[in-house]
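Structural overview
Residue-level listing of the chains:
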Amino acid sequence: MTAAVDAPDLTDLTIGRVRRHMGSGRASLGEMLGRVVEVSSAGAWVTAADGRRYLDFGGYGVFILGHRHPTVVAEVRRQLDQHPLATRVFLEPVSARAAEALAEVAPDGLDQVHFVNSGTEATEAAIKLARAHGRTELIAVDGGFHGKSMGALSIIGNPLYQRPFGPLLPGVTQVPFGDLPALRSALSAAAGRACLVLEPVLGEGGALPAPEGYLRGAAEACREFGALLVADEIQTGLGRLGRWWGMDAEAVVPDIMLVGKGLSGGVIPVAAMVTGAELYQPFGRDPFLHSSTFGASPIASAAAIGALRAIKEEDAVAKAASLGTRLLILLHEAHRRHLPGQVAEVRGRGLLLGIEYAAAGLAGDVALELMSRGVLVNHSLNAADVLRLTPPAILADPEVDFFAQVLDDALAAVATRHQPRS
Ligand code: PLP
């Protein structure tokens, strides 16, 4: 039987199972998004049970190398056949090699690597390491996102996700993103006791770049007031912004850097906290102080090794920069053509792009039109009016052309329903 003949069954079965065992909300969302059940992927494309293909401009920023990149798959497959999970009693060479490979591309001096399984665990590791150094006051910015485990949740400043779970961590101060005087005043109020967690471009906050000078100013203020600077590069790092790290834009080397998403190579979840030797000491000298069963597993480490090699071999960082410029122009022009006066801003860096719409509901409307025509996009958790695009760096010209055509058709369809503001 072909996949297409199976499709109605698999689609109905999956929706039914999700509704019964995983959540009615998830099932209803899936139905609203067109009852698409994804079953396979390759490169920039995801295939659904009914055979339809979707160009992946979403994936929450994971797929900088697309899906199942051959280099990553080969590393993971070899490891699967040899030794996927370690006892964690003996030493293990693949995680050691992955740590070396990540240290090689990390900013100068950040050569200590603590592997975890998800972005939010990397945030937790940083919060705990900061506390181990007496930095118990956490400072974060409005619109920032760092994960949903209790520590990370405490600093995302979004009541929607926080309210049901209080009390949160004490000692958290939120400041407006991009407001250096506000940041300096928060840091000065907690001099010697603070830890700032900051994304160079807000991802879930709507692909919002820091204003020029803010990152450098924040780093200087951290030094001045004895605070640790944690750069959350989980969404922005590994070439996504057309640079290895978002903080590179202002030559900032943080005290601690968080990496995730793309480190998986789009194949096996893995994330990491990276820091320098001095700061790492509490974790470095006592391997049980902060540990997890699956952290630094050989199979995830193999994915990280493959991802880092593929990013270099594909020249993904440079490609993200040039593709990003091309897509940004394309987005500007298409929106100017179809939705004049209805867009607050088209923006982004590299392949983290956002369109902020001026009217409520437009972002969702455009997303549905794009998806129904075969382009997968994401909303932004902390910015409802921003449609977020995180395409892979391996896009070929025909795929860019496909996107351009779909965008044009989708915006034309939306424009017929939304009158421009006078
Ligand atoms: N930090 C940033 C900047 C993120 O964008 C995300 C996820 O979107 C996280 C942390 C949390 O990562 P995870 O979902 O893997 O826990």
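Everything discussed here concerns the structure shown above.
Our subject in this report is the structure included herewith. (Residues numbered from 1 in each chain as written. Predicted model: local features only at pLDDT ≥ 70, side-chain atom pairs only at ≥ 80, totals over all residues. Heavy atoms only, no water.)

Before going further, it helps to examine the overall build of the protein. Counting secondary structure elements, the protein contains 14 helices and 17 strands. Computed over the C-alpha atoms, the radius of gyration of the protein is 22 Å, within 12% of the 22 Å expected from 2.2 N^0.38 for a compact globule of 422 residues. Projected onto the principal axes, the alpha-carbon positions of the protein cover approximately 60 × 60 × 45 Å. Residues counted as buried form 53% of the 422 residues belonging to the protein. Restricting to contacts in the protein with at least 6 residues of sequence separation, those with at least 24 account for 74%. (Helix = DSSP H or I, 4+ residues; strand = E, 2+ residues; numbered from the N terminus. Rg over C-alpha atoms; globule rule 2.2 N^0.38 Å. Buried < 20%, exposed > 50% of the residue type's maximum accessible area, 1.4 Å probe, protein only. Contact = heavy atoms within 4.5 Å.)

Let us look at empty space enclosed by the protein. For the structure shown, the criterion picks out one cavity of 30 Å³ or more. In this model, the largest cavity occupies a volume close to 40 Å³. Contributing to the lining of the largest cavity are G61, I64, I234, Q235, G237, R240, K261 and G262. For the lining of the largest cavity, the residue count by class is two nonpolar, four polar and two charged. (1 Å grid on protein atoms, 1.4 Å probe; cavity = no way out; pocket = protein on both sides within 12 Å on 5 of 7 lines; lining within 4 Å. Points joined across faces, edges and corners; volume = space filled by probe spheres on them. Nonpolar A, V, L, I, M, F, W, Y, C, P; charged D, E, K, R; others polar.)

The next subject is the layout of surface pockets. Once rolled over the atoms, a probe with the size of a water molecule shows which space is left empty. Of the voids in this model, the second largest pocket is the one considered here, and its volume is about 910 Å³. Lining the second largest pocket are 29 residues, and of these R88, S95, P287, G295 and A296 sit closest to its centre. Of all elements in the fold, only α4 (93–105), β4 (112–116), α5 (119–132) and α10 (277–285) reach the threshold of two or more residues within the lining of the second largest pocket. A breakdown of the residues in the lining of the second largest pocket according to their chemical character gives 15 nonpolar, nine polar and five charged.

As a further point, take the site of the ligand. Taken together, S118, G119, T120, F145, H146, G147, E199, E204, D232, I234, Q235 and K261 make up the full set of residues adjacent to the ligand. Within the complex, 82% of the 390 Å² of free accessible area of the ligand lies under protein. (Near = heavy atom within 4 Å. Areas by Shrake-Rupley, 256 points an atom, 1.4 Å probe, with all protein chains shown as cover.)

Residues L102, L263 and F403 are the most contacted members of the largest nonpolar core, which totals 70 residues. When residues of this core are assigned to their parent elements, the largest contribution, ten residues, is made by helix α11 (residues 298–313). The contact partners of F403, leaving out residues within four places of it in the chain, are L55, F57, L327, L330, L331, V375 and L389. The next biggest cluster of nonpolar side chains, apart from the first, holds 25 residues, and it includes F177, L202, A210 and M247. (Core = buried A, V, L, I, M, F, W, Y, C linked by side-chain atoms within 4.5 Å.)

On to the packing of helix α8 (residues 180–189) against helix α9 (residues 214–224), then. α9 packs onto α8 with a crossing angle of 15 degrees between their chain directions and a minimal axis gap of 10 Å. The angle between the axes of α8 and α9 places the two elements in the roughly parallel class. Here α8 runs over α9; the crossing is right-handed. Listed contacts from α9 to L180, L183, R184 and L187 of α8 are Y214, G217, A218, A221, C222 and E224. (Axes fitted to C-alpha atoms, helices over the stretch in contact; angles between N-to-C directions. Parallel < 35°, antiparallel > 145°, perpendicular 65-115°, else oblique. Left-handed = near helix turned anticlockwise from the far one by under 90°.)

Before going further, it helps to examine helix α12 (residues 316–338). For α12, which comprises 23 residues, the first-to-last C-alpha distance of 31 Å matches the rise-based estimate of 33 Å (1.5 Å per residue) to within 8%. Turning to α12, its buried residues number three or more, namely A316, V317, A320, L323, G324, L327, L330, L331, A334, H335 and H338. The secondary structure elements touched by the buried residues of α12 are α11, β13 (343–349), β14 (352–357), β17 (383–389) and α14 (397–417). (Expected span 1.5 Å × (residues − 1).)

Strand β12 (residues 271–275) sits mainly inside the fold: five of its five residues count as buried. Neither face of β12 is open: one carries A271, M273 and T275, the other A272 and V274, and all of them are buried. By the bridge criterion, five bridges tie β4 to β12 in an arrangement that is antiparallel. Across the sheet, the residue bridging to V116 is A271, located in β12. Note that strand β11 (residues 256–259) and β12 share four bridges and pair antiparallel. Along β12, the bridge assignment pairs V259 with A272. (Pairing = 2+ DSSP bridges.)

With that settled, consider unusual backbone geometry. For the peptide bond that leads from G166 to P167, omega is 0 degrees, which places it in the cis range. Considering the arrangement of structural elements, one finds P167 in the loop between α7 (159–162) and β6 (172–175). Positive phi is not limited to glycine here, since R35 has a value of about 55 degrees. With respect to the element layout, R35 can be found in the loop between α2 (24–32) and β1 (38–42). Notably, A251 is not glycine yet its phi reads approximately 50 degrees, a positive angle.

Time to look at the pairing of strand β10 (residues 228–232). Counting buried positions over the five residues of β10 gives five, a clear majority of the element. In this structure, strand β7 (residues 194–198) lies alongside β10, joined through four bridges in parallel fashion. Across the sheet, residue V197 finds its bridge partner in β10, namely V230. In the sheet, β10 pairs with β11 via three bridges, with the strands oriented parallel. Looking at β11, one finds that D232 is bridged to L258.

This part covers the packing of aromatic side chains. A full pass over the atoms with the stated rule returns five aromatic pairs. The ring of W45 carries R53 above its face, with NZ or CZ at 4.3 Å from the centroid. Directly above the aromatic system of Y161 lies the positively charged group of K148, at a separation of 4.3 Å from the ring centroid. (Phe/Tyr/Trp six-rings, centres within 6.5 Å; stacked < 30°, edge-to-face > 60°. Lys NZ or Arg CZ within 6 Å of the ring centre and 35° of its normal.)

Further remarks concern the environment of R97. Looking at where R97 falls in the secondary structure, it is placed in helix α4. For R97, a relative accessible area of 43% gives the class partly exposed. It is 42 Å that separates the C-alpha atoms of R97 and R19, two residues lying 78 residues apart in sequence.

So far we have only geometry, and geometry alone does not tell us how the molecule works.
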